[in-house]
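Descriptive analysis of the structure
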Amino acid sequence: MNELEPVDIAIIGGGMVGATLAALLAQANPNWRIALLEAFELPAAGEPIYQPSFDDRSTAIAWGSVTLLQQAGLWDILRQQATPIHQVHVSDRGHLGGSLIDRHQAGVEALGYVVPNTWIGRTLLSHLHQLPNLQLLAPAQVGRIQPVADGARLSLRYQGEEYSLHTDLVVIADGARSPLRESLGIDLAVEDYRQTAVIANISLDQPHQGVAYERFTDEGPLALLPLGGSVQGCQSALVWTQPSECVGELLQASDDDFLQRLQQRFGYRLGRLIEVGKRDSYPLALSVAKEQVRSSIVIMGNAAHFLHPVAGQGFNLALRDCAALAATLKQNIPGERLGSLSRLQQYQQQQQLDQQLTIQFSDQLTKWFSSSALPRAALRALGFIGLEAVAPAKGWLTQQTMGSAGRKVIL
Ligand SMILES: Cc1cc2nc3c(=O)[nH]c(=O)nc-3n(C[C@H](O)[C@H](O)[C@H](O)COP(=O)(O)OP(=O)(O)OC[C@H]3O[C@@H](n4cnc5c(N)ncnc54)[C@H](O)[C@@H]3O)c2cc1C
């Protein structure tokens with residue numbers, strides 16, 4: 001078997017989280033030798049990207065995350081295709097009440113931004129290609145991680161040949177299924193929501209004005225996020241949660257039929273829905289790894305926690321994890337291994353509360369608003385009226401939406 005040059009940090013998975021972490025770590029210490037290993041082939045800088053993480057979805061990036069992306073040197077490019085969210089309108093189909101969260105109340109220029117995943121991918125890739133201390137290995141499929149006394153040894157297939165790679169620290173960011181996490185015997189706590197998200201880009205007959213809509217229906221939540229690079233854009237990104245058994249029908253419906261059903265569910269707040277792009281579906285569950293750190297090993301991103309997309313928190317939370325890991329590793333003292341368990345535990349302790357709060361927030365929101373039972377529905381209406389009237393409750397929701405409730409990560 002061929003032997004690759006040893007590295008200090010190997011990141012497995014070049015999706016949104018692995019690639020962002022690579023950028024943050026490379027910047028945190030230019031002396032660290034870092035390898036990013038991705039199973040899919042990566043295009044040259046500037047070429048169109050295909051990879052599951054960077055598909056036709058868009059990601060709502062919270063205000064708090066923008067600061068982290070700025071510090072990572074990514075935001076100036078990302079913002080070229082980012083649509084600002086000026087207001088979030090939360091409503092409940094068929095019930096009284098509704099809540100408007102406004103950027104002015106929060107005292108910020110935008111509550112967050114919506115960025116197409118393909119643009120996030122292109123931005124990340126062209127940035128990573130320029131980092132002298134980062135090696136991009138693709139297509140590289142890691143098959144095995146073997147913990148050893150001074151780190152970990154990876155077995156991988158790289159450009160058709162078998163290799164071995166020694167690393168001080170390995171970060172597993174290989175997605176929600178994460179066969180590598182499983183191969184280490186790390187269990188997941190899973191709750192299957194029996195819901196599936198259908199995503200597509202929707203063309204509108206009027207500008208969205210920078211308003212993101214979150215509408216709760218008896219079938220599950222439905223979100224339409226502003227797209228197009230400005231508040232004058234006439235496109236929104238749809239995330240339509242449905243009971244899993246209903247999704248096949250929605251995916252196969254003609255465009256006209258699909259738009260008609262969506263219009264009926266959502267109403268006319270965005271005017272007439274006139275065109276639908278490619279539709280995709282994502283089965284939804286809450287899954288959380290029961291261990292996130294071991295000596296020389298960290299689990300990140302969807303491999304560590306996979307959330308319902310209802311509140312747009314998955315990537316935002318992972319980004320705070322990435323920043324916290326980079327900041328913790330930066331504190332290493334001479335002679336200390338990067339994979340030192342006590343250092344990695346320090347990272348985990350720092351992120352524990354943020355992870356717990358964010359996971360609970362997404363989970364509770366999903367459950368509160370996915371029920372059609374009458375007493376519950378009445379409570380939801382009351383909840384919304386209450387939310388509108390009770391400033392602290394609304395303040396809390398705003399903070400969660402902006403990704404800044406009681407958390408601060410300093411790089
Ligand atoms: C419908 C939907 C909407 C969402 N909207 C939002 C939102 O608005 N805001 C938000 O914050 N979050 C959102 N999220 C969550 C966000 O998409 C995830 O947090 C993010 O995609 C996680 O990325 P990841 O890199 O951890 O995993 P993945 O995207 O799954 O990437 C894993 C990568 O690892 C690679 N890989 C796998 N195995 C190996 C191996 N053995 N060797 C090498 N490479 C390997 C894969 O090829 C892949 O590139 C949404 C999620 C969904 C489903």
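Residues numbered from 1 in each chain as written. Predicted model: local features only at pLDDT ≥ 70, side-chain atom pairs only at ≥ 80, totals over all residues. Heavy atoms only, no water.

1. Comments concerning helix H5 (residues 117-129)
The end-to-end C-alpha distance of H5 is 18 Å, a good match for the 18 Å that 13 residues give at a rise of 1.5 Å each. Taken residue by residue, H5 has Asn117, Trp119, Ile120, Gly121, Thr123, Leu124, Leu125, His127 and Leu128 as its buried positions. On the buried face of H5, the contacting elements are helix H1 (16-28), strand S3 (34-37), strand S4 (58-62), helix H3 (75-78), strand S8 (112-116) and strand S9 (134-137). (Helix = DSSP H or I, 4+ residues; strand = E, 2+ residues; numbered from the N terminus. Expected span 1.5 Å × (residues − 1). Buried < 20%, exposed > 50% of the residue type's maximum accessible area, 1.4 Å probe, protein only. Contact = heavy atoms within 4.5 Å.)

2. Some points on the sheet that holds S8
If you trace the three strands from one edge of the open sheet to the other, you get S4-S8-S5, paired in antiparallel fashion. A single partner strand is all that each edge strand has here, and the edge strands are S4 and strand S5 (83-85). Across the sheet, the axes of successive neighbouring strands diverge by a mean angle of 30°, strand direction being ignored. Of the pairings in the sheet, the one linking S4 to S8 comprises five bridges and is antiparallel in character. Bridge assignment links Thr59 to a residue of S8, and that residue is Val115. (Pairing = 2+ DSSP bridges. Axes fitted to C-alpha atoms, helices over the stretch in contact; angles between N-to-C directions.)

3. Topic: the site of the ligand
In the neighbourhood of the ligand, 31 residues make up the surrounding shell, with Glu38, Gln51, Ser53, Ala60 and Phe315 lying closest. A distance of 3.5 Å separates an oxygen atom of the ligand from a polar atom in the backbone of Gly314. Relative to its unbound accessible surface of 1,000 Å², the ligand loses 92% to contact with the protein. Secondary structure elements with two or more residues in the shell around the ligand: H1, S4, strand S10 (140-148) and helix H9 (314-330). The class makeup of the residues in the shell around the ligand is 15 nonpolar, 13 polar and three charged. (Near = heavy atom within 4 Å. Polar contact = N/O pair within 3.5 Å; in protein donor to acceptor, adjacent residues only side chain to side chain. Areas by Shrake-Rupley, 256 points an atom, 1.4 Å probe, with all protein chains shown as cover. Nonpolar A, V, L, I, M, F, W, Y, C, P; charged D, E, K, R; others polar.)

4. Looking at the packing of H1 against H5
Close contact between H1 and H5 brings their axes to 10 Å; oriented N to C, the two are set at 35°. Note that H1 runs across H5; the crossing there is left-handed. Residues Met16, Ala19, Thr20, Ala22 and Ala23 of H1 pack against Asn117, Ile120, Leu124, His127 and Leu128 of H5. For the contact of H1 with H5, the class distribution of residues is seven nonpolar, three polar and no charged. (Left-handed = near helix turned anticlockwise from the far one by under 90°.)

5. Examining the packing of aromatic side chains
A full pass over the atoms with the stated rule returns four aromatic pairs. Here the aromatic rings of Tyr213 and Phe266 are separated by 5.4 Å at their centres, their planes lie at 85°, and the arrangement is edge-to-face. Of the two residues, Tyr213 sits in strand S14 (residues 211-217) while Phe266 sits in helix H8 (residues 255-266), which places them 53 residues apart along the sequence. For the pair formed by Tyr213 and Phe266, the shared burial category is buried. The residue whose ring lies beneath Arg279 is Phe258, and the NZ or CZ to ring-centre distance is 4.6 Å. (Phe/Tyr/Trp six-rings, centres within 6.5 Å; stacked < 30°, edge-to-face > 60°. Lys NZ or Arg CZ within 6 Å of the ring centre and 35° of its normal.)

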